[in-house]
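# What the coordinates show
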Amino acid sequence: MGVAVRLAADALETRPELIGNKAAGLMALMAAGFVVPKGFCITTQAHAHWRQTGEIEDEVRAELSSWFRTLTGPLAVRSSSPVEDRADASFAGQYQTILGVRTEEEFFAALKACWQSAQSASANSYARSKGWDGEIQMAVVVQELVPATTAGVMFTMHPVSSRVDQVVV
């Protein structure tokens, strides 16, 4: 297996510990028939190696460049940690998202920014508040950016009262 996985309804690799909860959720949406922008996920294994060495090896850089060239920009480069987007911990706003990425140089800078955000003081403080004391792993989702004039968020559980019979948009 390489360092990236295609976002697809029929993807063979959907383990959240490898691709993070955001990527796993996107694949579940695709499997359910929803349209999800084309993209790929860089695995937690790539992050672990970068964390150990501080470098992106030439072979890994070449593979990621190849994945990058399969997409049409601008792109969104987004965190997808196994500890975020869970019922007991959202990590909303703790990790990096870079929008409007167009070049390989911008892509690799955005990737490193997402990886670095896993070690930020605020993310580590939030993780500790949720009882997490381990090393935070980080996968990264790269997708074609959808041009939008408006956007919104839908909570399938009320964000304040935690009622599951109320949807908030």
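One can find the structure itself at the top, above this paragraph.
The model shown is predicted, which means the values in this text are computed figures rather than measured ones.

With that settled, the discussion passes to the nonpolar core. Core analysis: the largest hydrophobic core is formed by 28 residues, its most contacted members being Ile42, Leu64, Phe107, Trp115, Val140 and Val142. At the level of elements, strand 2 (39-42), helix 2 (44-53), helix 3 (58-68), strand 3 (75-80), helix 4 (104-117) and strand 5 (139-144) are the ones that each hand at least two residues to this core. Element by element, the count of residues in this core is highest for helix 4, at six residues. The next biggest cluster of nonpolar side chains, apart from the first, holds 13 residues, and it includes Leu18, Leu26, Met30 and Cys41.

In this section: the pattern of salt bridges. Evaluation of the coordinates by the stated rule reveals two salt bridges. Residue arginine 69 pairs with glutamate 104 through a salt bridge whose shortest N-O separation is 3.1 Å. One end of the pair, arginine 69, is in the loop between helix 3 and strand 3; the other, glutamate 104, is in helix 4, and 35 residues separate them in sequence. Aspartate 165 is the partner of arginine 163 in a salt bridge, and the nearest nitrogen-oxygen pair spans 2.7 Å. When its relative accessible area of 39% is taken as the criterion, arginine 163 is described as partly exposed.

For the rest of this paragraph, the subject is the environment of isoleucine 56. Counting through the fold element by element, isoleucine 56 comes out in the loop between helix 2 and helix 3. On the basis of relative accessibility, which here comes to 9%, the residue isoleucine 56 falls in the buried class. In this structure the C-alpha to C-alpha distance between isoleucine 56 and lysine 112, which are 56 residues apart in sequence, comes to 9.4 Å. Residues in contact with isoleucine 56, not counting those within four places in the same chain, are Trp50, Arg61, Phe108, Leu111, Lys112 and Trp115.

What follows is about the pairing of strand 3. The buried fraction of strand 3 is high, at five of six residues. Sheet topology places strand 3 next to strand 4 (residues 97-101); four bridges connect them, and they run antiparallel. If you follow valine 77 over to strand 4, its bridge partner there is isoleucine 98. Pairing geometry for strand 3 and strand 5, over six bridges, is antiparallel. Along strand 5, the bridge assignment pairs serine 79 with valine 140.

What counts and what doesn't
Residues take numbers from 1 onward in each chain, read along the sequence in its written order. Since the coordinates come from a predicted model, pLDDT governs what is reported: local features require at least 70, and pairs of side-chain atoms require 80 or more to be given and counted, while whole-chain, interface and lining totals use all residues. Water and hydrogen atoms play no part in the side-chain values, which are based on all heavy atoms of the structure. The nonpolar core is taken to be a set of buried Ala, Val, Leu, Ile, Met, Phe, Trp, Tyr and Cys residues, with the residues joined through side-chain atoms within 4.5 Å. Exposure is judged per residue with a 1.4 Å probe applied to protein chains only, and the accessible area is read against the type maximum: over 50% gives exposed, under 20% gives buried, and values in between give partly exposed. Runs of H or I in DSSP of at least four residues are treated as helices and runs of E of at least two as strands, each being numbered from the N terminus. What counts as a salt bridge is simple: a side-chain nitrogen of Lys or Arg found within 4 Å of a carboxyl oxygen of Asp or Glu. Any two residues whose heavy atoms approach within 4.5 Å are treated as being in contact. We treat two strands as partners when DSSP finds at least two bridges between them.

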